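Each chain, letter by letter, is given below.
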Amino acid sequence: MSNFTFPYFGDLDINNLENYYDLDIDLDGIEIQIDIHFNEKSIDIEKASVIKNFISNVSVYSIQNKILIEQLYHNKTKRAVRKYIKYHLTDLNEAEFFKLSKIVDLDDKNTIPEIQLLKKIKLTRIGLFPHGKFEEKYFAEFDYIIDQQFIDTILVLQTDDDNNLHHVTMFG
């Protein structure tokens with residue numbers, strides 16, 4: 001048995017790993033899920049240290065990624081965040097419009113609905129993939145959502161183990 005202590009997860013035997021670990025944590029006053037997906041039964045000390053370091057810095061990464069989301073929204077050549085925001089504002093039926101009116105102040109003349117939605121994006125999950133996910137080489141996924149009660153489409157930032165952006169996409 002070779003135990004390694006990970007923040008939040010405690011001691012895990014890195015020579016006899018389960019495929020999946022998850023838990024909910026309070027991150028800066030917001031409950032989020034962190035999960036780790038292992039494709040192999042064991043990892044070495046170096047990989048365990050990378051995971052530990054990443055988890056130790058999720059609060060910093062959360063702030064960095066929120067800033068990045070806003071920068072990507074304002075960047076005309078990077079369209080994923082803008083597409084995610086606009087998706088929630090176009091071609092709405094009556095029920096969807098009603099849901100939107102619960103999130104956005106449509107009478108606010110100072111702040112357009114797009115910016116109001118952008119400001120409401122919040123982190124809900126961090127998934128770690130120490131061996132990559134499927135054929136992809138990214139290390140982590142940060143799932144963001146505008147409002148879980150009304151909107152089920154997720155904005156996903158995929159990063160490497162230093163939180164450098166790999167890809168942005170949306171699911172839902």
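Before going into details, it helps to say that this report is about the structure given with it. Given the structure is predicted, the values throughout are model-derived calculations rather than measurements.

### Quick word on helix 5 (residues 113-120)
And step 1. Within helix 5 the residues assigned to the buried category are Glu114, Ile115, Gln116, Leu117 and Leu118.
And step 2. Contacts made by the buried residues of helix 5 are with helix 2 (58-74), helix 3 (80-87) and helix 4 (94-103).

### With respect to the pairing of strand 5 (residues 122-128)
And step 1. Among the seven residues that make up strand 5, six are buried, leaving the element largely enclosed by the rest of the structure.
And step 2. Relative to strand 5, strand 4 (residues 30-37) is paired through four bridges, and the arrangement is parallel. Within strand 5, the residue paired with Ile34 across the bridge is Ile126.
And step 3. Bridge count between strand 5 and strand 6 (residues 140-145): six bridges; the pairing is antiparallel. Bridging across to strand 6, Lys122 finds its partner in Ile145.

### A look at a negative patch on the surface
And step 1. Residues Asp22, Asp24, Asp26, Asp28 and Glu31 make up a contiguous surface patch of negative charge.
And step 2. Ranked by residues supplied to the negative patch, first place goes to strand 3 (residues 20-27) with three residues.
And step 3. Assignment of secondary structure puts Asp22 in strand 3.

### Details of the packing of helix 2 against helix 5
And step 1. Close contact between helix 2 and helix 5 brings their axes to 10 Å; oriented N to C, the two are set at 160°. Overall, the two elements helix 2 and helix 5 adopt an arrangement that is roughly antiparallel. Of the two elements, helix 2 crosses helix 5, and the hand of that crossing is right-handed. Across from Lys66, Ile69, Glu70, Tyr73 and His74 in helix 2, the residues of helix 5 making contact are Glu114, Ile115, Leu118, Lys119 and Lys120.
And step 2. Broken down by class, the residue content of the contact of helix 2 with helix 5 amounts to four nonpolar, one polar and five charged.

Parameters and conventions
- For every chain, the first residue of its written sequence is number 1, and the numbers climb from 1 along that sequence.
- The predicted nature of this model means local features are confined to residues of pLDDT at least 70 and side-chain atom pairs, given and counted, to a pLDDT of 80 or more, with totals for whole chains, interfaces and linings taken over all residues.
- Hydrogens are left out, water is left out, and the side-chain values use all remaining heavy atoms of the structure.
- Whether a residue is buried, partly exposed or exposed follows from its accessible area with a 1.4 Å probe, protein chains only, as a fraction of its type maximum: under 20%, in between, or over 50%, in that order.
- Secondary structure elements are taken from DSSP: a helix is a run of H or I of four residues or more, a strand is a run of E of two residues or more, and numbering for both begins at the N terminus.
- Note on definitions: a residue-residue contact is assigned when non-hydrogen atoms from the two residues lie within 4.5 Å.
- Two strands qualify as a pair provided DSSP detects at least 2 bridges between them.
- Patches here: salt-bridge-free residues with over 30% relative accessible area, like charges joined within 9 Å, nonpolar side chains (Val, Leu, Ile, Met, Phe, Trp, Tyr) joined within 5 Å.
- In this description, accessible areas are obtained by the Shrake-Rupley approach with a 1.4 Å probe, and a residue is regarded as covered only by the protein chains that are shown.
- Criterion for a salt bridge: a side-chain nitrogen of Lys or Arg within 4 Å of a carboxyl oxygen of Asp or Glu.
- The charge count treats Lys and Arg as positive and Asp and Glu as negative. His and the chain ends do not count.
- One atom stands in for each charge, and that atom is NZ of Lys, CZ of Arg, CG of Asp or CD of Glu.
- Here the axes come from fitting lines to C-alpha atoms, over the contacting stretch only for helices, and the angles between their N-to-C directions go from 0 to 180 degrees.
- In this scheme, roughly parallel covers angles under 35 degrees and roughly antiparallel covers those over 145, while 65 to 115 is roughly perpendicular and the rest are oblique.
- The crossing is said to be left-handed when, going from far helix to near helix, the turn is anticlockwise and less than a right angle, and right-handed when the turn is clockwise.
- Lys, Arg, Asp and Glu make up the charged group, whereas Ala, Val, Leu, Ile, Met, Phe, Trp, Tyr, Cys and Pro make up the nonpolar group; the residues left over, Gly among them, are polar.

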